[in-house]
Amino acid sequence: MKDFIADKFKIRNYSMGDKLKKSSSTFPPINLGIGDLDINTNSIVIERSMEDALNGHTHYTNPFGDLELREELVKYHRDNFKNYDFSTSDIFITTGACHALYLAFKSILNEGDEVILLAPFFPIYVDQIKLSNGVPKIVKTKIENGFQIEKEELEKNISPKTKAIVLNTPSNPTGVCYNQKSLNIIKEIAEKYDLLVISDDVYDFYSYENTFTPIFTLEGMDKRTLSICSFSKDFAMTGWRIGYAISKVPNLIETMEYINEGIVYSAPSISQRAALHALKNFKNIKNNNVPLFKERINYAYERIKKIPYLQAFKPQGGIYIFINIEKTGLSSKDFAEMVFEKLNITLLDGTSFGVDGFVRIACTLDISLLKEAFDRLENLQF
């Protein structure tokens, strides 16, 4: 029989790791790999969205998204951030942030166009750029510089083919929150070379040291920024699959919607109602969720400092820690595999994030489980 699979999919390298492997360790499994929060969606959000379902919100919505939700998003951003002004026509509700990113890359990339990625980066960016016939251009940041952006390093990677820069702050995986200097570098380069900035703002709640500053709000950047946002991590709503895109870039939101009409038409109506109720209760949800993950991040960081073969940048935000394992003498892949085989702890190999010598852990488990994981790591024999 003919092989019906397209050539480009016959070899598949899963950027987030092999999901089928099994450890031979006798330890109970601890998964510090995938970033799915261990807390449930707020009960008020669940109850009110189910009431909406009973009241008839079970149909397609407007393909750009439920108007009431978009109106609430306009209000939320205007009330909680300086200079974050846009209209309901500048928002597109999507089936998660990854969906929004994919539609964005499909909308802007011609064959061979380049997109700047600041390493370490979220691995899905590479996959989506390639699926959109674009070329990822990797610009590495350094732990010695707190993973902040260096203008010279960024600018030398700009070419006539460069179309966009992806910015993710707070960062997955490093937890860095780009400071004003780094944001200004992005702004300066984007304006100088006429580039689009795709700003992945998924972890905006989780900025522990300073108030989150969306690059969209910098002077003039609203006309060359696409902000990608999500309810998954901020509101513990990963399974509801709701994200959204904001942009005043001419025709961008309309193009994303056009492509999406051939995929899912509109995001799930019940999930959009849940997002609406989450926004209306955001202060309570934020005050409950953020301290929990900040405590876990701080606990994990303090444990890492006491293990001689590990080093880490202290996250300023997010829910992850990117751990330097170079003192072990092992590659990221070999270290992650050894920890899985010997200790039954799942970590993510740093090469997926654009750098070797690191692994990522997600602080998405209770501190008692984090303690157990670090107790095992502390006693690991090479």
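Note that this is a predicted model, so its numbers are computed, not measured.

Things to note about the packing of helix H3 (residues 97-108) against helix H4 (residues 124-131)
Now for step 1: The interhelical angle for the contact between H3 and H4, taken along N-to-C directions, is 35°, at an axis separation of 9 Å. As H3 packs across H4, the resulting crossing turns out to be right-handed. Facing H3, whose interface residues are Cys 98, Leu 101, Tyr 102, Phe 105 and Lys 106, H4 presents Ile 124, Tyr 125, Gln 128, Ile 129 and Leu 131.
Now for step 2: Residues of the contact of H3 with H4, tallied by class, amount to eight nonpolar, one polar and one charged.

Description of the packing of aromatic side chains
Now for step 1: What the rule picks out here adds up to 20 aromatic pairs.
Now for step 2: Judged by centre distance (5.1 Å) and plane angle (70°), the rings of Tyr 60 and Tyr 265 are edge-to-face. Residue Tyr 60 is found in the loop between helix H1 (43-54) and helix H2 (67-80), and its partner Tyr 265 is found in the loop between helix H7 (252-260) and helix H8 (269-280); the two are separated by 205 residues along the sequence.
Now for step 3: Tyr 60 gets classed as exposed once you look at its relative accessible area, which sits at 67%.
Now for step 4: Among the aromatic residues, ring-to-ring pairing joins Tyr 76, Phe 81, Tyr 84, Phe 86, Phe 212, Phe 216 and Phe 282 into one connected group.
Now for step 5: Stacked on the ring of Phe 205, the Lys or Arg Lys 286 has its end atom at 5.1 Å from the ring centre.
Now for step 6: Sitting above the plane of the Phe 293 ring, Arg 296 keeps its charged end 4.9 Å from the centroid.

Concerning the environment of Arg 224
Now for step 1: Summarising the element assignment, Arg 224 is placed in the loop between strand E6 (196-200) and strand E7 (225-230).
Now for step 2: Contact partners of Arg 224, with chain neighbours within four places excluded, come to Ala 190, Glu 191, Asp 194, Leu 195, Leu 196, Val 197 and Val 249.
Now for step 3: In terms of polar contacts, Arg 224 uses its side chain to reach the backbone carbonyl oxygen of Ala 190, at 3.3 Å.
Now for step 4: A distance of 2.8 Å separates a polar atom in the side chain of Arg 224 from the backbone oxygen of Leu 195.

Criteria and thresholds
Residues numbered from 1 in each chain as written. Predicted model: local features only at pLDDT ≥ 70, side-chain atom pairs only at ≥ 80, totals over all residues. Heavy atoms only, no water. Axes fitted to C-alpha atoms, helices over the stretch in contact; angles between N-to-C directions. Helix = DSSP H or I, 4+ residues; strand = E, 2+ residues; numbered from the N terminus. Left-handed = near helix turned anticlockwise from the far one by under 90°. Contact = heavy atoms within 4.5 Å. Nonpolar A, V, L, I, M, F, W, Y, C, P; charged D, E, K, R; others polar. Phe/Tyr/Trp six-rings, centres within 6.5 Å; stacked < 30°, edge-to-face > 60°. Buried < 20%, exposed > 50% of the residue type's maximum accessible area, 1.4 Å probe, protein only. Lys NZ or Arg CZ within 6 Å of the ring centre and 35° of its normal. Polar contact = N/O pair within 3.5 Å; in protein donor to acceptor, adjacent residues only side chain to side chain.

By themselves, these observations are geometric and do not establish any function.
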